[in-house]
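Residues per chain, in single letters:
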Amino acid sequence: MAIGSKELAPVELDTFEDERLVDELKKAKEELFNLRFQSATGQLDSHGRLRAVKRDIARIYTVIRERELGIRATPVAVEVAPKAAGKKTKKSEDAAPAAAESAAVDAAVESAEGKK
């Protein structure tokens, strides 16, 4: 990504939960307001930053809307079960969460392909 902030790459936005996306949107809108104010008073140093912040806002809105439409999958919080007192192998402990996550990803992909 040549233009925009490096913190808000589209790949990284996919990992954010809805609440964090809303927080990032608020921060970006606040920064845009401040940049516009600086521009109006002649204090703005980098005019390219205005464009970058606008694009960040558009990216966030796009991710939110795609999640509403079911095009993009919402990140699933993986719940880790407490370790049992009995002996279990490392392989069997890791298999259950991975299988559940894999099933959730497969279901999201199938639903997205079905809507095309």
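Residues numbered from 1 in each chain as written. Predicted model: local features only at pLDDT ≥ 70, side-chain atom pairs only at ≥ 80, totals over all residues. Heavy atoms only, no water.

Novice: How would you explain the packing of aromatic side chains if you had to name every residue and give the values?
Specialist: Applying the stated criterion across every chain, the model contains one aromatic pair. Over the ring of Phe-16 we find Arg-20; its NZ or CZ atom is 3.8 Å from the centre of that ring. (Phe/Tyr/Trp six-rings, centres within 6.5 Å; stacked < 30°, edge-to-face > 60°. Lys NZ or Arg CZ within 6 Å of the ring centre and 35° of its normal.)

Novice: How would you summarise the nonpolar core if you had to cite specific residues and measurements?
Specialist: Leu-13, Leu-21, Val-53, Ile-57 and Ile-60 are the most contacted members of the largest nonpolar core, which has 14 residues in total. When contributions to this core are tallied by element, the ones reaching two or more residues are helix 2 (18-41) and helix 3 (48-69). Once residues within four sequence positions are removed from consideration, Leu-21 is found in contact with Leu-13, Phe-16, Ile-60, Val-63, Ile-64 and Arg-67. (Core = buried A, V, L, I, M, F, W, Y, C linked by side-chain atoms within 4.5 Å. Buried < 20%, exposed > 50% of the residue type's maximum accessible area, 1.4 Å probe, protein only. Helix = DSSP H or I, 4+ residues; strand = E, 2+ residues; numbered from the N terminus. Contact = heavy atoms within 4.5 Å.)

Novice: Now, about the environment of Arg-51: what can you tell me, with residues and values included?
Specialist: Structurally, the position occupied by Arg-51 is in helix 3. Arg-51 sits 19 residues away from Leu-32 along the chain, and the two C-alpha atoms are 9.2 Å apart.

Novice: Describe in detail helix 3, supporting the description with residues and values.
Specialist: For helix 3, which comprises 22 residues, the first-to-last C-alpha distance of 32 Å matches the rise-based estimate of 32 Å (1.5 Å per residue) to within 8%. All buried positions along helix 3 are accounted for by Leu-50, Ala-52, Val-53, Asp-56, Ile-57, Arg-59, Ile-60, Val-63 and Arg-67. Against helix 1 (10-13) and helix 2 lie the buried residues of helix 3. (Expected span 1.5 Å × (residues − 1).)

The values reported here are purely geometric and, on their own, carry no functional implication.
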